[in-house]
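Chain by chain, the residues run as shown.
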Amino acid sequence: MENDLLLALLIYIQLYEAFGATPFEKVFTEYRHLPDAERPKSGDEKRDEWLVRLSKTVRKNLGPFFQAWGVPTSQRARARAALPRVRRLDGRPGIRAGPGAGRLRHELAR
């Protein structure tokens, strides 16, 4: 996975098509402002942090998407990326969804 640039590009393209450029800009800005001590060091840490930060930014659990593409992430990161379920005003269960989440959900359902 680490050395497969085409696969990485395809993943980025799908995320870009689903959510646009804004989430990438927000996450990259967060990384730029991280103190050195908080920056992920290893490849595993970087993938985990990317999963968590991008999921929170788009308000969509991207853990299943990363797993479907074979991107190795830790169970802890996937748990952190999972968004809490919320209740709608009418009392029925609902989930948080960010911009483009419907398109990505459709892609994941295929």
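Note that this is a predicted model, so its numbers are computed, not measured.

Describing the overall build of the chain
Consideration 1: A count of helical and extended segments in the chain gives six helices and two strands.
Consideration 2: Listed N to C, the secondary structure of the chain is α-α-α-α-α-β-β-α in terms of helices and strands.
Consideration 3: Excluding contacts between residues fewer than 6 apart, the proportion of contacts in the chain whose partners are at least 24 apart in sequence is 58%.

Regarding the packing of helix 2 (residues 22-32) against helix 3 (residues 43-58)
Consideration 1: Interhelical geometry of helix 2 versus helix 3 gives an angle of 130 degrees and a closest axis separation of 10 Å. In terms of orientation, helix 2 and helix 3 fall into the oblique class. For the pair helix 2 and helix 3, the sense of crossing is right-handed. Across from P23, F24, K26, V27, F28, E30 and Y31 in helix 2, the residues of helix 3 making contact are K46, E49, W50, R53, L54, T57 and V58.
Consideration 2: Split into classes, the residues belonging to the contact of helix 2 with helix 3 amount to eight nonpolar, one polar and five charged.

What to know about a nonpolar patch on the surface
Consideration 1: There is a patch of nonpolar side chains on the surface, built from L6, L9, L10 and I13 and spanning about 360 Å² of accessible area.
Consideration 2: Within the secondary structure, L6 sits in helix 1 (residues 5-19).
Consideration 3: Residue classification places L6 among the exposed residues on the basis of a relative accessible area of 56%.

Examining the environment of R76
Consideration 1: Mapping R76 onto the fold places it in helix 5 (residues 75-81).
Consideration 2: Sequence spacing of R76 and D48 is 28 residues, and the spatial spacing of their C-alpha atoms is 8.5 Å.

Conventions used here
Residues numbered from 1 in each chain as written. Predicted model: local features only at pLDDT ≥ 70, side-chain atom pairs only at ≥ 80, totals over all residues. Heavy atoms only, no water. Helix = DSSP H or I, 4+ residues; strand = E, 2+ residues; numbered from the N terminus. Contact = heavy atoms within 4.5 Å. Axes fitted to C-alpha atoms, helices over the stretch in contact; angles between N-to-C directions. Parallel < 35°, antiparallel > 145°, perpendicular 65-115°, else oblique. Left-handed = near helix turned anticlockwise from the far one by under 90°. Nonpolar A, V, L, I, M, F, W, Y, C, P; charged D, E, K, R; others polar. Patch = residues over 30% accessible without salt bridge, like charges linked within 9 Å, V, L, I, M, F, W, Y side chains within 5 Å. Areas by Shrake-Rupley, 256 points an atom, 1.4 Å probe, with all protein chains shown as cover. Salt bridge = Lys/Arg side-chain N within 4 Å of Asp/Glu carboxyl O. Buried < 20%, exposed > 50% of the residue type's maximum accessible area, 1.4 Å probe, protein only.

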